[in-house]
Amino acid sequence: MARRFDVVILGAGAAGLMCAIRAGQGGKRVLVLDHAKNPAEKIRISGGGRCNFTNIHAGPKNYLSANPHFAKSALARYTPRDFLDLVEKHRIAWHEKTLGQLFCDDSAKDIIHMLLDEMRAVGATLELKTEISAVEKAPDGFRITTSSGMVEAGSVVIATGGKSIPKMGATGFAYRIAAEFGLKVTDTRPGLVPLTLDPTLLEKLSPLSGIAVDAEVKHGKTSFREALLFTHRGISGPAILQISSYWREGDAIKLQIEPDIDIAARLKDGRKANGKQAAQTVLGEILPKRLAQFLTENAGMTGQMADQGDRKLEALAASAQDWTIVPAGSEGYRTAEVTIGGIDTSEIDSKTMQAKNVPGLYFIGECVDVTGWLGGYNFQWAWASGHACGEAL
Ligand code: FDA
């Protein structure tokens, strides 16, 4: 005999757990299934173990989607303040790190315990280490075939996330189910991911590995001002992760290192103050020494400052502040924090997250074509879409 629930949620991640809590509060009998050993593994590792659980500035402008309006309703109905109220109710200490990013003071596990406590309080059931092989329409809802038997449900919520970090159990399950029910899925690609460089450029930049600088990184009209990190594989750091979500193979990105400093003017001032010093020395007072050395060597600038004309100093400054790079690729889903694209939002009701043509089937969280910037925005989408769905169930 199959067990029967009002709602079966597939995926015990951020979105699935929030949805279970809200549906349980509404009196629904809820079962959450996940193939992993532990729930919410991505919450556990997020934010360097402290979980950047929301961003106080989160709004539709911070999300990528083929339909930028889609996320508006859910985000407006469950705000960062709402999640913060829950965090404070559980007496979890938190702090704002930078740019509105809220983190736990102690551990991301506090957020997981909070969600599991809330779930228990509403009587929702969580079953782990459960493989799901099929989701099918049944006369009165859905039939789900799992490694622990058949389960029936009035509604099914797909909350199995995206493809990033397959080592942690990420699968393309949501896209498969969507396709099986005839829903369109947009192209998917890794987002919030370090970018790689072709071997020649990588070798040239290898002396810079480990250097972090403040930078504005631009792709077309989109730009982010955060830290940029040179690595032994290419370029990373928050500024690069942010721009990676907009970047497409073959595109160039522009780097402006230390955008608040007029490096050309500083070099000219340095020449005036002491014409005997080397350009590398003056630049080394503005930029990390290894970067200054690299840029001056690359510019072929030898000799004293007094020997360098304005043009040469301006070109040296431009090599740091008007630097165009064409990345070779990205590190892919292996290290990407998110998957861009997903279930086509035209298939889903933005208020309830229900598939328009399949009553009772819902999609929430990262599997939907809504992807946030770096900085707590992706969890806010998971909470908001999970909450909107849970409320509608
Ligand atoms: P999520 O991936 O959390 O959960 C999906 C669940 O479904 C998992 O438990 C998985 O095991 C399960 N599942 C998958 N396939 C299945 C299958 N076939 N059968 C059964 N179960 C299946 N965001 C943010 O806002 N702040 C941050 O600090 C970070 N930090 C961060 C660090 C790292 C390293 C990563 C990879 C990602 C982040 N993120 C983040 C992004 C954030 O983790 C992500 O957007 C949310 O976890 C998405 O929540 P979901 O619930 O949609 O999916």
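Within each chain, residue numbers correspond to sequence positions counted from 1 in written order. Predicted model: local features are reported for residues with pLDDT of at least 70 only, side-chain atom pairs are reported and counted for 80 or more only, and whole-chain, interface and lining totals are derived from all residues. Each side-chain value is derived from all of the structure's non-hydrogen atoms; neither hydrogens nor water enter the calculation.

Chemist: Is there a simple way to think about the nonpolar core in this case?
Modeler: A general trend in soluble globular proteins is that nonpolar side chains are found buried together. Buried residues of nine kinds, namely Ala, Val, Leu, Ile, Met, Phe, Trp, Tyr and Cys, make up a nonpolar core once their side-chain atoms join them within 4.5 Å. Each residue is assigned to one of three classes by its accessible area relative to the maximum for its type, calculated with a 1.4 Å probe on protein chains only: buried under 20%, partly exposed between the two thresholds, exposed over 50%. Core analysis: the largest hydrophobic core is formed by 82 residues, its most contacted members being Ile-111 and Phe-363. Whether two residues are in contact is decided by their heavy atoms: any pair within 4.5 Å suffices. The contact partners of Phe-363, leaving out residues within four places of it in the chain, are Ile-158, Ala-174, Ile-177, Ala-178, Leu-183, Ile-343, Ile-348, Met-353 and Val-368. Grouped together as the second largest cluster of nonpolar side chains are 39 residues, Leu-197, Val-213, Ala-239 and Ile-286 included.

Chemist: Would you explain the UniProt feature "domain: RsdA/BaiN/AoA(So)-like insert" (unreviewed entry) in the chain in this entry?
Modeler: Taking the numbering used here, the UniProt-annotated feature "domain: RsdA/BaiN/AoA(So)-like insert" (unreviewed entry) corresponds to residues 189–338. Secondary structure elements follow DSSP: runs of H or I of four or more residues count as helices, runs of E of two or more count as strands, with numbering from the N terminus. From the first C-alpha to the last, residues 189–338 spans 9 Å; its make-up is 35% helix and 24% strand. UniProt positions are given in the numbering used here, feature names are shortened, and annotations may be inferred rather than shown by experiment.

Chemist: Whenever I open this one, the pairing of strand β14 (residues 222–230) confuses me. Can you help?
Modeler: Remark: a regular strand shows side chains that alternate across the two faces of the sheet. In this structure, strand β13 (residues 212–219) lies alongside β14, joined through 8 bridges in antiparallel fashion. Bridging across to β14, Ala-212 finds its partner in Leu-229. For two strands to be treated as a pair, DSSP must find at least two bridges joining them. Between the antiparallel neighbours β13 and β14 lie 2 residues, among them Gly-220 with a positive phi of about 55°. Note that β14 and strand β15 (residues 234–236) share 2 bridges and pair antiparallel. Note that in β15 the partner of Phe-230 across the bridge is Ile-235. With antiparallel pairing between neighbouring strands as the criterion, β14 and β15 make up a hairpin whose turn holds 3 residues.

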